[in-house]
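# Structure assessment
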Amino acid sequence: GKSHVKQWYQRRVRAEKSAALRNVYTARCNALRDPTLTTKLYYCGGKGGTLHRVLKEGFQAHDMVVGDYGVGLYFTQNPVRAMQYSEPGLLLQCEVGIGMAESVLKMDQTRNRPPVGYDSILTGERDVDHIGIYSHQRHNELQYLVFDSKQAIPLYLIYFTV
């Protein structure tokens, strides 16, 4: 529920309602292999002071970063994980068009598109541990990577204190 969320942030600022931005995002999602697979995730980026611009204008091609798994935009369900990459005290919550996500374990900083037949990649281990119990610890490490800046749209800039 929402009760536990309130404890870690003080306020959040909603992204400006931009019909143009939403239309570009929607059109991009409609081109995904599964347009219904969109989810709210935290942006793993913004250290350089870009979050306010992204909140206003959306993601641009120059927001793509070179990460362990390729060149693109990285997102996670885990706010604590996202904080490692963000401006201190700020987090960007986004809606991301995941589409068909391929699980990828192999790091490759030169990767600049998803595997054939997929729309995004899911990094890290998504398997069960040795006794067959799903590991939530690993789940928290997972990151989604999209290779098209139009595949994500900002929702809220979240202010918090550590």
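Residues numbered from 1 in each chain as written. Predicted model: local features only at pLDDT ≥ 70, side-chain atom pairs only at ≥ 80, totals over all residues. Heavy atoms only, no water.

## Overview of the nonpolar core
Rule in force here: Here the nonpolar core consists of buried residues drawn from Ala, Val, Leu, Ile, Met, Phe, Trp, Tyr and Cys, with membership extended through side-chain atoms lying within 4.5 Å. Residue burial is assigned from relative accessible area. The probe radius is 1.4 Å, only protein chains are included, and a residue is buried under 20% of its type maximum, exposed over 50%, and partly exposed in between. A run of H or I in DSSP counts as a helix once it spans at least four residues, and a run of E counts as a strand once it spans at least two, with each numbered from the N terminus. Throughout, a contact is declared for two residues whenever any of their heavy atoms are within 4.5 Å.
In terms of nonpolar packing, the biggest core is built from 20 residues, with Tyr43, Phe59, Phe75, Leu92, Cys94 and Val96 touching the most fellow members. If one sorts the elements of this core by residue count, strand S5 (residues 90-97) sits on top with 4 residues. Discounting residues that sit within four places of it in the chain, Val96 has contacts with Tyr25, Leu37, Thr38, Thr39, Leu41, Phe75, Val146, Gln151 and Ala152.

## Notes on a positive patch on the surface
Note the threshold: Patch membership requires over 30% relative accessible area and the absence of a salt bridge. Like charges are linked within 9 Å, and nonpolar side chains (Val, Leu, Ile, Met, Phe, Trp, Tyr) within 5 Å. All accessible-area figures derive from a Shrake-Rupley calculation using a 1.4 Å probe, and residue coverage is judged against the displayed protein chains alone. Any Lys or Arg side-chain nitrogen found within 4 Å of a carboxyl oxygen on Asp or Glu counts as a salt bridge. Charge counting follows a simple rule: Lys and Arg are positive, Asp and Glu are negative, and His as well as the terminal groups are ignored. In this description, the location of a charge corresponds to atom NZ of lysine, CZ of arginine, CG of aspartate or CD of glutamate.
On the surface, a cluster of positive charge is contributed by Arg12, Arg14, Lys17 and Lys40. Residue placement: Lys40 occurs in strand S2 (residues 38-43).

## Focus: the environment of Val65
Secondary-structure assignment places Val65 in strand S3 (residues 65-67). Assessed through its relative accessible area of 37%, Val65 is described here as partly exposed. Distance in space between the C-alpha atoms of Val65 and Cys44 is 9.9 Å, their sequence separation being 21 residues. Each residue touching Val65, except ones within four places of it in the same chain, is listed here: Gly70, Val71, Gly72 and Tyr74.

## Observations regarding the packing of aromatic side chains
As a reminder, the rule being used: Centre distance within 6.5 Å is the pairing criterion for rings of Phe, Tyr and Trp, where only the six-membered ring of Trp is used; planes under 30 degrees apart are then read as stacked, over 60 as edge-to-face, and the remainder as tilted.
A complete count under the given rule lists 3 aromatic pairs for this structure. A centroid spacing of 4.9 Å and a plane angle of 70° characterise the contact between Tyr43 and Phe59, whose relative ring orientation is edge-to-face. One end of the pair, Tyr43, is in strand S2; the other, Phe59, is in the loop between helix H2 (51-57) and S3, and 16 residues separate them in sequence. Phe59 matches Tyr43 in its accessibility class, with the two residues each being buried.

## As for the side chain of Ser86
Along the chain, the position of Ser86 falls in the loop between helix H3 (79-83) and S5. Those residues in contact with Ser86 that lie beyond four places of it in its chain are Gly45, Gly46, Lys47, Leu51 and Leu91.

## Examining the confidence of the model for the protein
Low pLDDT marks regions whose predicted coordinates should not be analysed in detail. Just so we agree on the cut-off: Per residue, pLDDT measures the predictor's confidence, with a range of 0 to 100.
Of the residues in the protein, 85% reach a pLDDT of 70 or more, and the chain-wide mean stands at 87. Counting interchain partners and residues more than four positions distant, the pLDDT-below-50 stretch residues 128-137 has 6 contacts.

## Here's the deal with the side chain of Ser120
Which entries qualify depends on this criterion: Between N or O atoms, a polar contact is any pair within 3.5 Å; within protein, one atom must be a potential hydrogen donor and the other a potential acceptor, and residues adjacent in sequence are included only when both atoms are from side chains.
Examined against the element boundaries, Ser120 turns out to sit in strand S7 (residues 120-123). From its side chain, Ser120 meets the backbone oxygen of Ile98 in a polar contact 2.8 Å long. Once you skip the residues sitting within four places of it in the chain, Ser120 turns out to touch Ile98, Met100, Ala101, Glu102, Pro114, Leu145, Val146 and Gln151.

## What about the pairing of S2?
Here is the key point about a regular strand: its side chains alternate between the two faces of the sheet. This is how it is decided: Two strands are counted as paired when DSSP detects at least two bridges linking them.
Alignment of S2 against S5, held across 5 bridges, turns out to be antiparallel. The residue bridging Thr38 from the neighbouring strand is Gly97, located in S5. Note that S2 and strand S4 (residues 70-76) share 2 bridges and pair antiparallel. Paired with Tyr43 across the strands is Phe75, a residue of S4.

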